[in-house]
Amino acid sequence: MEILVVGTGAREHALVRALSRDPQVTALHAAPGNPGIGQLATLHPVDPLDGAAVAALAVNLGVDLVIVGPEAPLVAGVADAVHDAGIAVFGPSGAAAQLEGSKAFAKDVMAAAGVPTAEPRVATTSDEAAAALDTFGPPYVVKDDGLAAGKGVVVTTDRAEALAHAQACLAKPGSRVVIEEYLDGPEVSLFVLSDGAHVVPLVPAQDYKRALDGDAGPNTGGMGAYSPLPWAPADLVDDVVARVAQPTIDEMARRGTPFAGVLYVGLALTSKGTRVVEFNARFGDPETQVVLARLATPLAGVLHAAATGGLGQIAPLEWLDDAAVTVVIAAHGYPADPRGGDPITGIEDADALPGVHVLHAGTALAQGPAGDQLVAAGGRVLSVVGVGADQTAARAAAYSGVERITLPGSHHRTDVALLAD
Ligand code: AMP
Ligand code: GLY
């Protein structure tokens, strides 16, 4: 099978790495990819948001499957363009990706499907937003309706800050803001593959969304993750499939916009039961880095089945007993104002450690006096993955990898997968 992966992050590097270990895969391409992905796949400098260009590349390469990683191309309809060109594509249509593209749409689908979630109010004016804040009381949860790269949500006990965020969201023409009930309890990310009708869950992971240790600092795209979750209820996955994933997939099919791809179910295990915090229409980053590190079943056939209506026929997925932990190394100033251009060293040393592999996200090759130098070129720069017999061993491996890497001004969390969590 020849495959084209669309995207530039550590999530896409994890996908390409898993695919590169699948004996069924005969060629790997990425658009545009990154220098780490370039060690495993042929890179093509195509804009991931340009559906016509991605489809033309897929046709020219003659690939059997296109995998679209990030949300922005999905919401922009890149999967539709590839599908219309007659090539199997893993990733939902633009219409189905509205489950991530609009929080108000997702809430509407959840209500219709009977999915447990925080009760929302959708506001289009500052007065409506203020009234909604007072309906729920603190802590306030205020969400930009549209895509915001993990930065559109403010959770605060400060009413003025909550209202200011709502007003900032509403300042964009035609925008809406979602204000909702606060959910307490630990968060879990569960990815569920679907071909539009069948669902196949992967294993749960936990993400560290805040920038700093102890869940302090601003929200980010995700600073680390681990899997499995030894503390999660044994029936969590079955329960979420039955009460969340299958009803959502059924509702999307009923609406004539079947969802094929991966439904990322963000959950809060609250004192009142499991609730959906959010849906995303793609694999999560950095959770994918730990989930795929544990997948024993070759990946390509599974994703191809999801893309072509065949998930009902695949064998049950097999998982390693090992634990996996990933720690994100972020650039100076991330998330507010990441600095590019700082040199990165030590990746080979980290990769050489047992149970450690390093995935690239915001990296680039810059020409220096001594040849090409790897430099930071994005907020989240690297995702260091450790695999071990248990969480403690996996965590130790991941952090031993982090210690080998030098990136001036960088920061990372030191409390990822600490057992006290
Ligand atoms: P979202 O973009 O919807 O995933 O929200 C980003 C983060 O904000 C989530 O991972 C939670 O940590 C937090 N969050 C979102 N909604 C709620 C809620 N209703 N109650 C508490 N925290 C929330
Ligand atoms: N890790 C959070 C996300 O991918 O949205």
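Residues numbered from 1 in each chain as written. Chains lettered and ligands numbered in written order. Predicted model: local features only at pLDDT ≥ 70, side-chain atom pairs only at ≥ 80, totals over all residues. Heavy atoms only, no water.

Looking now at the overall build of the protein. Tallying secondary structure elements over the protein gives 13 helices and 22 strands in all. Relative to a compact globule of 421 residues, whose C-alpha radius of gyration would be 22 Å, the protein shows 21 Å and is just as compact. Structurally, the protein occupies a C-alpha span of about 60 × 45 × 45 Å along its principal axes. Relative to its full complement of 421 residues, the protein shows a buried share of 56%. Here the analysis covers contacts within the protein between residues at least 6 apart in sequence; of these, 69% occur between residues at least 24 apart. In the protein, 25 positive and 48 negative side-chain charges are present, and the distance between their average locations comes to 5 Å. (Helix = DSSP H or I, 4+ residues; strand = E, 2+ residues; numbered from the N terminus. Rg over C-alpha atoms; globule rule 2.2 N^0.38 Å. Buried < 20%, exposed > 50% of the residue type's maximum accessible area, 1.4 Å probe, protein only. Contact = heavy atoms within 4.5 Å. Lys, Arg positive; Asp, Glu negative; His and termini not counted. Charge placed at Lys NZ, Arg CZ, Asp CG, Glu CD.)

We now examine the site of ligand 2. What surrounds ligand 2 is the set Asp 207, Gly 221, Tyr 264, Asn 280, Arg 282, Gly 284, Asp 285, Pro 286 and Glu 287. A distance of 2.8 Å separates a nitrogen atom of ligand 2 from a polar atom in the side chain of Asp 207. For ligand 2, the accessible surface in isolation is 200 Å², of which the surrounding protein chains cover 91%. (Near = heavy atom within 4 Å. Polar contact = N/O pair within 3.5 Å; in protein donor to acceptor, adjacent residues only side chain to side chain. Areas by Shrake-Rupley, 256 points an atom, 1.4 Å probe, with all protein chains shown as cover.)

So, on to the packing of aromatic side chains. For the structure shown, the criterion picks out four aromatic pairs. Ring geometry for Phe 191 and Tyr 264: centres 5.2 Å apart, planes at 45°, overall tilted. Of this pair, Phe 191 sits in strand S10 (residues 187-195) while Tyr 264 sits in strand S16 (residues 260-270), placing them 73 residues apart in sequence. With a relative accessible area of 1%, Phe 191 lands in the buried category. On the basis of an interplanar angle of 45° and a centroid distance of 6.3 Å, the ring pair of Tyr 208 and Tyr 226 is categorised as tilted. Placement of Tyr 208 in the loop between strand S12 (206-207) and strand S13 (210-212) and of Tyr 226 in strand S15 (residues 224-227) is noted, with a sequence separation of 18 residues between them. With a relative accessible area of 4%, Tyr 208 lands in the buried category. (Phe/Tyr/Trp six-rings, centres within 6.5 Å; stacked < 30°, edge-to-face > 60°.)

With that settled, consider the site of ligand 1. Neighbouring ligand 1 are 15 residues, the closest being Glu 180, Leu 183, Glu 187, Lys 209 and Glu 278. Here Lys 143 contributes a side-chain N or O atom positioned 3.0 Å from an oxygen atom of ligand 1. Here a nitrogen atom of ligand 1 sits 2.7 Å away from a polar atom, N or O, in the main chain of Leu 183. Bound to the protein, ligand 1 loses 91% of the 470 Å² it would expose on its own.

A word on the sheet that holds strand S7 (residues 140-144). Across the sheet, four strands lie side by side as S6-S9-S7-S8; this open sheet has antiparallel pairing. The strands lining the two open edges of the sheet, one partner per strand, are strand S6 (120-123) and strand S8 (153-156). For this sheet, the mean inter-axis angle between neighbouring strands, taken without regard to orientation, is 20°. Here helix H8 (residues 159-170) sits on the sheet in contact with S6, S7, S8 and strand S9 (177-180), set at roughly 15° to S7. (Pairing = 2+ DSSP bridges. Axes fitted to C-alpha atoms, helices over the stretch in contact; angles between N-to-C directions.)

Let us now look at the nonpolar core. Within the largest apolar cluster, 74 residues are counted, with the highest numbers of intra-cluster contacts made by Leu 4, Val 66, Val 265, Phe 279 and Ile 405. In terms of residue count, helix H9 (residues 236-254) provides more of this core than any other element does, eight residues in total. Val 290, Leu 295, Val 302 and Ala 306 belong to the second largest nonpolar core, which has 45 residues in total. (Core = buried A, V, L, I, M, F, W, Y, C linked by side-chain atoms within 4.5 Å.)

This part takes up the pattern of salt bridges. Scanning all chains against the criterion turns up 21 salt bridges. Among the salt bridges present, the one from Arg 380 reaches Asp 285, with a minimum N-O distance of 3.8 Å. Of this pair, Arg 380 sits in strand S22 (residues 380-388) while Asp 285 sits in the loop between strand S17 (273-280) and helix H10 (287-294), and the two are 95 residues apart along the sequence. The structure contains a network of salt bridges with shared partners spanning Asp 108, Glu 251, Arg 254 and Arg 255. (Salt bridge = Lys/Arg side-chain N within 4 Å of Asp/Glu carboxyl O.)

The next thing to look at is the side chain of Arg 413. Secondary-structure assignment places Arg 413 in the segment after helix H13 (391-404). Looking at Arg 413, its side chain comes within polar contact range of the main-chain oxygen of Leu 212, at 3.2 Å. Polar side-chain contacts of Arg 413 include one of 3.0 Å to the side chain of Asp 215. Arg 413 has contacts with Tyr 208, Arg 210, Ala 211, Leu 212, Asp 213, Gly 214, Asp 215, Met 223, Val 327 and Tyr 399, leaving out every residue within four places of it along the chain.

Following Pro 138, the chain continues into Pro 139 via a peptide bond in cis, with omega recorded as -10°. Along the chain, Pro 139 turns up in the loop between helix H7 (126-136) and S7. Backbone torsion omega between Asp 285 and Pro 286 reads 20°, so that peptide bond is classified as cis. Looking at the secondary structure, you find Pro 286 in the loop between S17 and H10. Even without a glycine there, the phi angle at Asp 215 is positive, about 55°. According to the relative accessible area criterion, Asp 215 is partly exposed, its value standing at 48%. With a phi close to 65°, Ala 417 is a non-glycine residue in the positive phi region. If you trace the backbone, Ala 417 turns up in the segment after H13. On the basis of relative accessibility, which here comes to 1%, the residue Ala 417 falls in the buried class.

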